[in-house]
Amino acid sequence: MCLQRARGFSFCDIDAAVLLRFWPHNAVSSSGTREAVCTGSEDVVGTQDQGMAEGTESAAVTAAASSLSSIRRIVLVLSGKGGVGKSTTAVQIALALAAGHAKVGLLDVDLCGPSIARMLGLEGSPVYRNDERWLPVAASPDGRLVAMSMAFLLANKEDAVVWRGPKKNAMIKEFVHGVQWGDLDYLVVDTPPGTSDEHMAVVESFRGHHDVQAVLVTTPQQVAVADVRREISFCKQLGISVTGIVENMSGYVCPCCNEITNIFSSGGGERLASETHVPFLGKVPIDPRLAGCSEQGQSFAVLFAGSPTQHAVQRIVEHVTAAHPVHLA
């Protein structure tokens, strides 16, 4: 819990300008010394130096090229609909890539509903920083997987992040350019549902990087497919290459016999891929073991090799590594 409560304030009350100005003084330093943001009064917000805050943000944007130059590929996990399994998909892609000896970063930009820390078993982990940037939290013993999430910064994990767009945008840019990601083969980005401020901030932050692609996640139901269709339009308008569409929660796989039963509808994501000329990455069935792995930060592809769900996850990863995204016209 690196960002502490100022007296009379919760973390979420501090506006973006103050956040950008004081964030570097409010973490556990690399020497292990914990430093507080402010000494305790509401004057901090009233006496903020706007110019200094803007200068900090400008410096972060100026350093964008150098901060991202050591990342080979950026994978955005998107969906126009909530509750379709974006976070689960992002985590399992990252874990599978790391298990294949890639160096992977996992960035959670769902600021109001961060779940990556929980899914990786990292809740309560402190965030450290050196003299220049934040250091992502190690998510594997060998250091091949690192992560950054809003969940690491909340004084209380039950705190609500009640922010308008400008604060969210500033935080996302800080996560991208203010974190020392180091040499990465992949940076997997878990996004919130929709096509609004956060998504625009993400795209702008990665603008100029040579390899940014999107994996779109839907469920078979038409209400989800319709929203993901809008996400395809979003990618088209902003020039984001699409790796393909994942149809998640498509059927139920029995953990005893591995038989798949379509307890809900099936094929919605596959039809959408065909209609929009986007690669179809496969159907991922509902699997209680996958849910368990996601809760415990374990790689399903490693633990349950040979299962139908593992084959589906592996196919998604193969498409990501093959890097043949579609450029929508």
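Refer to the structure presented above.
The rules behind the values
- Residues numbered from 1 in each chain as written.
- Predicted model: local features only at pLDDT ≥ 70, side-chain atom pairs only at ≥ 80, totals over all residues.
- Heavy atoms only, no water.
- Helix = DSSP H or I, 4+ residues; strand = E, 2+ residues; numbered from the N terminus.
- Buried < 20%, exposed > 50% of the residue type's maximum accessible area, 1.4 Å probe, protein only.
- Pairing = 2+ DSSP bridges.
- 1 Å grid on protein atoms, 1.4 Å probe; cavity = no way out; pocket = protein on both sides within 12 Å on 5 of 7 lines; lining within 4 Å.
- Points joined across faces, edges and corners; volume = space filled by probe spheres on them.
- Nonpolar A, V, L, I, M, F, W, Y, C, P; charged D, E, K, R; others polar.
- Phe/Tyr/Trp six-rings, centres within 6.5 Å; stacked < 30°, edge-to-face > 60°.
- Lys NZ or Arg CZ within 6 Å of the ring centre and 35° of its normal.
- Salt bridge = Lys/Arg side-chain N within 4 Å of Asp/Glu carboxyl O.

K.L.:
Please give an account of unusual backbone geometry that cites residues and values.
P.N.:
One non-glycine residue, His-101, adopts positive backbone phi at about 75 degrees. By the element assignment, His-101 lies in the loop between helix 5 (86-99) and strand 3 (104-108). Note on His-101: relative accessible area 59%, which makes it exposed. Here His-277, not a glycine, exhibits a phi torsion of approximately 60 degrees, which is positive. In this structure, His-277 sits in the loop between helix 10 (268-276) and strand 12 (280-286). The class for His-277 is exposed, based on a relative accessible area of 66%.

K.L.:
How would you sum up the pairing of strand 9 (residues 212-218)? Please name residues and give values.
P.N.:
Of all seven residues making up strand 9, seven are buried, and the element is well covered by its neighbours. On strand 9, burial covers both faces: Val-212, Ala-214, Leu-216 and Thr-218 on one face and Gln-213, Val-215 and Val-217 on the other are all buried. Examined bridge by bridge, strand 2 (residues 71-78) and strand 9 share five bridges and lie parallel to one another. Residue pairing for strand 9: Val-77 is matched across the bridge by Val-215. With six bridges connecting them, strand 9 and strand 10 (residues 241-253) associate as parallel partners. Note that in strand 10 the partner of Thr-218 across the bridge is Glu-247.

K.L.:
Describe the pairing of strand 7 (residues 145-149), and please don't skip the residues or the numbers.
P.N.:
Within strand 7, five of the five residues are buried, leaving the element largely enclosed by the surrounding structure. With two bridges joining them, strand 6 (residues 137-138) and strand 7 adopt antiparallel strand pairing. Residue pairing for strand 7: Ala-138 is matched across the bridge by Val-146.

K.L.:
Before we move on, could you go through empty space enclosed by the protein and cite the residues and values that matter?
P.N.:
Counting across every chain of the model gives five cavities of 30 Å³ or more. Size it by volume and the largest cavity reaches roughly 70 Å³. Among the elements of the structure, helix 5 and helix 13 (308-322) are those that each provide at least two residues to the lining of the largest cavity. Residues that form the lining of the largest cavity fall into these classes: five nonpolar, four polar and no charged.

K.L.:
Lay out the packing of aromatic side chains with the relevant residues and their values.
P.N.:
According to the stated counting rule, one finds one aromatic pair in the structure shown. The ring of Tyr-186 has Arg-72 sitting right over it, with the charged end atom 5.1 Å from the ring centre. Above the ring of Trp-134, the side-chain terminus of Arg-129 is found at 5.9 Å from the ring centroid.

K.L.:
Please set out the pattern of salt bridges residue by residue, giving values where relevant.
P.N.:
Enumeration over the complete set of coordinates arrives at nine salt bridges. Among the salt bridges present, the one from Asp-142 reaches Arg-144, with a minimum N-O distance of 3.8 Å. Its relative accessible area of 54% is what places Asp-142 among the exposed residues. With its nearest N and O atoms 2.8 Å apart, the salt bridge here joins Glu-275 to Arg-229. Here Glu-275 is found in helix 10, whereas its partner Arg-229 is found in helix 9 (residues 222-238), with 46 residues between them in sequence. On the basis of relative accessibility, which here comes to 48%, the residue Glu-275 falls in the partly exposed class.

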